[in-house]
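Remarks on the overall topology
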Amino acid sequence: MTDQTNSQTWHVDVQGYPLDLPIVPINPDFAISLMMVIDLGVKFGEHIGKCLAEKIAPLRPDIIVGPATLGIPVAIEVTRALGLDQYVVLQKSPKLHLSDALEYKLTSITSKGEQRILLDRAAIPLIKGRRVVVVDDVVASGSSLKAALELVREAGGEIVGAGVILTEAQEWREVLGDDVEHLVSVAHIPQFAPDADGTWQPISGT
Ligand SMILES: Nc1ncnc2[nH]cnc12
């Protein structure tokens, strides 16, 4: 029998932009289709920037916020497509200039060790009292997006939206809670379990 674990892909149409994402096992019983936005080129970046900007523009954001790492290219492209200039990055690890950053700790049971996100206090004036949309590449568990929304609120920002390229499965619905109403997305991907032949199949309901 041929081992398909490394060769299977999942096709997703990102609003007219076809992608064949590699299906990557997380463990023997569970796999995801991996979208690495930084490997998909600038045309894809421009495309998703326009798609998300169209959905986000009616929310009249003053500023776009993107969590590191893969939220950064999304924030840049959406900011550009909206005709804005400044954007704000939430960092994962303290940079030299972030010794006194505003911090939010993630209590995620799925992530190893303690995770946190950080906001440079110098960026607070860009957020405080402003209409903010947080963008990211994928929402799956929802825990990092939720943390980003809470950190923006801690900094005095008004969350008027959250935008992702892909929603993945459904766990994020419960984790985001009332913030689900803020979420806009371009496409959806399921998660995968092996069938009797060892071929990855979408898990029903994801
Ligand atoms: N399918 C996916 N692709 C890229 N990043 C992810 N993070 C969680 N799920 C992901």
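As annotated in an unreviewed UniProt entry, the protein carries the name Adenine phosphoribosyltransferase and is attributed to Pontivivens marinum.

Focus on the overall build of the protein
When helices and strands are tallied, the protein shows five helices and 12 strands. Against the compact-globule benchmark of 17 Å for 206 residues, the protein has a radius of gyration of 18 Å, which places it among compact chains. Within the protein, the fraction of its 206 residues that count as buried is 43%. A fraction of 60% describes how many contacts in the protein between residues 6 or more apart in sequence connect residues 24 or more apart. Approximately 10,500 Å² of the protein is accessible, and the part contributed by carbon and sulfur atoms is 51%.

Observations regarding the site of the ligand
Around the ligand, the structure places Ile32, Ser33, Leu34, Met35, Val138, Ala140, Glu168 and Ile189. Contact between the ligand and Met35: a nitrogen atom at 3.0 Å from a main-chain N or O atom of the residue. Residue Glu168 places a side-chain N or O atom 2.4 Å away from a nitrogen atom belonging to the ligand. In isolation the ligand offers 260 Å² of accessible surface; the protein chains occlude 79% of this area. Among the residues making up the shell around the ligand, the classes are represented as six nonpolar, one polar and one charged.

Some points on the pattern of salt bridges
In this structure the tally under the stated criterion is 10 salt bridges. Look at the salt bridges and you will find they share partners, linking Lys146, Glu150, Arg153 and Asp179 into a network.

A word on the pairing of strand β11 (residues 191-194)
Pairing of strand β3 (residues 30-33) with β11 involves two bridges; the strand directions are antiparallel. Its bridge partner lying in β11, Ile32 is registered against Gln191. Relative to strand β12 (residues 200-202), β11 is paired through three bridges, and the arrangement is antiparallel. Looking at the pairing, Pro194 lines up with Trp200 of β12. What sits between the antiparallel neighbours β11 and β12 is a turn of five residues, in which Gly198 has the positive phi angle 85 degrees.

Here we look at the side chain of Asp136
Position of Asp136 among the secondary structure elements: in strand β8 (residues 131-139). No salt bridge is formed by the buried Asp136; its nearest oppositely charged neighbour, Lys92, is found at 8.6 Å. Residue contacts for Asp136: discarding those within four places in its chain leaves Pro67, Leu70, Gly71, Val74, Gly163, Val164 and Ile165.

What to know about the nonpolar core
Counting residues in hydrophobic clusters, the biggest one holds 27 residues, and the most contacted among them are Val65, Leu119, Ile127, Val132, Val134, Leu145 and Leu183. When residues of this core are assigned to their parent elements, the largest contribution, six residues, is made by helix α4 (residues 143-154). Residue contacts for Val134: discarding those within four places in its chain leaves Val65, Pro67, Leu145, Ala148, Leu149, Val152, Ile159, Gly161, Ala162 and Gly163. Residues Val14, Phe44, Val135 and Val186 belong to the second largest nonpolar core, which totals 25 residues.

Remarks on helix α2 (residues 71-82)
In this model α2 runs 16 Å from its N-terminal to its C-terminal C-alpha over 12 residues, within 8% of the 16 Å that 1.5 Å per residue would give. Packing partners of the buried residues in α2 comprise α1 (41-56), β4 (63-67), β5 (87-90), β8 and β9 (158-168). Gly83, located one to two residues past α2, shows a positive phi value of around 80 degrees.

A word on the packing of aromatic side chains
Enumeration over the complete set of coordinates arrives at two aromatic pairs. On the basis of an interplanar angle of 65 degrees and a centroid distance of 5.2 Å, the ring pair of Trp10 and Phe192 is categorised as edge-to-face. Of the two residues, Trp10 sits in strand β1 (residues 9-14) while Phe192 sits in strand β11, which places them 182 residues apart along the sequence. On the accessibility criterion, Trp10 (25% relative accessible area) is partly exposed. Looking at Phe192, the relative accessible area reads 0%, which means it is buried. Seen in terms of ring centroids, Tyr17 and Phe44 are 5.0 Å apart; in terms of plane orientation they differ by 70 degrees. Their pairing is edge-to-face. Of this pair, Tyr17 sits in strand β2 (residues 17-27) while Phe44 is found in helix α1, placing the two residues 27 residues apart along the sequence. Owing to a relative accessible area of 24%, Tyr17 belongs among the partly exposed residues under this scheme.

Here is what the cut-offs are and how they apply
- Residues numbered from 1 in each chain as written.
- Predicted model: local features only at pLDDT ≥ 70, side-chain atom pairs only at ≥ 80, totals over all residues.
- Heavy atoms only, no water.
- Helix = DSSP H or I, 4+ residues; strand = E, 2+ residues; numbered from the N terminus.
- Rg over C-alpha atoms; globule rule 2.2 N^0.38 Å.
- Buried < 20%, exposed > 50% of the residue type's maximum accessible area, 1.4 Å probe, protein only.
- Contact = heavy atoms within 4.5 Å.
- Areas by Shrake-Rupley, 256 points an atom, 1.4 Å probe, with all protein chains shown as cover.
- Near = heavy atom within 4 Å.
- Polar contact = N/O pair within 3.5 Å; in protein donor to acceptor, adjacent residues only side chain to side chain.
- Nonpolar A, V, L, I, M, F, W, Y, C, P; charged D, E, K, R; others polar.
- Salt bridge = Lys/Arg side-chain N within 4 Å of Asp/Glu carboxyl O.
- Pairing = 2+ DSSP bridges.
- Lys, Arg positive; Asp, Glu negative; His and termini not counted.
- Core = buried A, V, L, I, M, F, W, Y, C linked by side-chain atoms within 4.5 Å.
- Expected span 1.5 Å × (residues − 1).
- Phe/Tyr/Trp six-rings, centres within 6.5 Å; stacked < 30°, edge-to-face > 60°.

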